[in-house]
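Chain by chain, the residues:
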Amino acid sequence: MPRPNLLTPILVVTALLLVVATAGVLFFLHVAQGPADSPLNVLFRWMPFILQGFLLNILMSVIAMILATVSGVILGFMQISDATIIRQPARFVTHLFRNSPWLVILFAIMLLVPFEISLPYFGVVMIPGWVKATIGFTLPVMANIAEILRGAVASISTGQWESAESLAFSRMQTMRHVILPQCVRRMLPSWMNWFALLTLMTPIAAILGVNEALGNTQAAMESAGSSPDLLIPFYLFLMSIFFIFIYPVSVCTKRLERRFATT
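These numbers were taken from a predicted model, which means no experiment stands behind them. (Residues numbered from 1 in each chain as written. Predicted model: local features only at pLDDT ≥ 70, side-chain atom pairs only at ≥ 80, totals over all residues. Heavy atoms only, no water.)

A.B. asks: I tried to follow the environment of Phe77 on my own but got confused; where do I start?
C.D. replies: Tracing the backbone shows Phe77 in helix H2 (residues 39-79). Taking C-alpha positions, Phe77 is 8.9 Å from Ala90, a pair spaced 13 residues apart along the chain. Excluding its chain neighbours within four sequence positions, the residues that come into contact with Phe77 are Leu149, Met175 and Leu180. (Helix = DSSP H or I, 4+ residues; strand = E, 2+ residues; numbered from the N terminus. Contact = heavy atoms within 4.5 Å.)

A.B. asks: Whenever I open this one, helix H3 (residues 84-98) confuses me. Can you help?
C.D. replies: Residues separated by three or four positions in an α-helix point in the same direction, a consequence of the helix having 3.6 residues per turn. The end-to-end C-alpha distance of H3 is 21 Å, a good match for the 21 Å that 15 residues give at a rise of 1.5 Å each. Packing partners of the buried residues in H3 comprise H2, helix H4 (102-112) and helix H5 (129-155). (Expected span 1.5 Å × (residues − 1).)

A.B. asks: What is the right way to look at the pairing of strand S1 (residues 116-119) in this model?
C.D. replies: Strand residues, when the strand is regular, have side chains that alternate between the two faces of the sheet. Note: S1 against strand S2 (residues 123-126), four bridges, orientation antiparallel. Its bridge partner lying in S2, Leu119 is registered against Gly123. (Pairing = 2+ DSSP bridges.)

A.B. asks: Just checking my understanding: could you explain the packing of aromatic side chains for this structure?
C.D. replies: Counting across every chain of the model gives eight aromatic pairs. For the pair Phe54 and Phe242, a centre-to-centre distance of 5.0 Å together with 80 degrees between the ring planes defines the contact as edge-to-face. With a gap of 188 residues between them, Phe54 in helix H2 and Phe242 in helix H9 (residues 231-259) connect regions that are remote in the sequence. Across the pair, exposure class does not vary: Phe54 and Phe242 are buried alike. Here the aromatic rings of Phe243 and Tyr247 are separated by 5.2 Å at their centres, their planes lie at 25 degrees, and the arrangement is stacked. Note that Phe243 and Tyr247 are positioned in helix H9 at a spacing of four residues, about one turn of the helix. With a relative accessible area of 43%, Phe243 lands in the partly exposed category. Pairwise contacts between aromatic rings join Phe54, Trp191, Phe195, Phe242 and Phe245 into one cluster. Geometry around Phe115 places Lys132 over its ring, the cationic atom sitting 3.5 Å from the centre. (Phe/Tyr/Trp six-rings, centres within 6.5 Å; stacked < 30°, edge-to-face > 60°. Buried < 20%, exposed > 50% of the residue type's maximum accessible area, 1.4 Å probe, protein only. Lys NZ or Arg CZ within 6 Å of the ring centre and 35° of its normal.)

All we've got here are geometric facts, nothing functional implied.
Following this line, the structure appears as structure tokens:
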């Protein structure tokens, strides 16, 4: 009899417990503090502003992951192409972005991509800073997903290629019907791990002036007087919301790694 899949209820309950526990601790401290100008009261006033920035973190990570997945799969297929003129440039691009610091890539994108472009029928279109930051986050993740795809294809035993060839499958048919279904299972845990890492890296966009969670937290603290007493509650809250979002992804990734483990 198959075991019931309890992963989704466990993740939901865990996330809810973390939210309730964090809210309970903050509320208890809020009541205990008392004065209207206490650090926790200041934090409560600025919470919506910080959460608004956190939504931008999530938006950047989701868009960057979608773009990185599509472009990474294309780049990965180019790496395993039989044509040298396609394979070698793809490998160069992959190694270039895999081994470059994320912050350097972000600065390069910020400087190279203009703040506005002129399009026919649309006139001048402004390019927000968060859009350029999203492009900057896409490039290193794209390269790593391309390498994950290349490694997954290489991990398939040659016997399966030979069996498909004996059945008169073309290379495209073999890739589509035999190789890729197995690669998806092997790639999924690593893909989720990179999504979690990408989300955790989005706060560095604040260095470039993007008003995400970290940038809004710093702006809120400055508006509240930049008191040292604000550091612990503000940054603890910032860490908590990222943890609440990332922890279920991490648990699910470990579960998938055990489920799809190959010998």
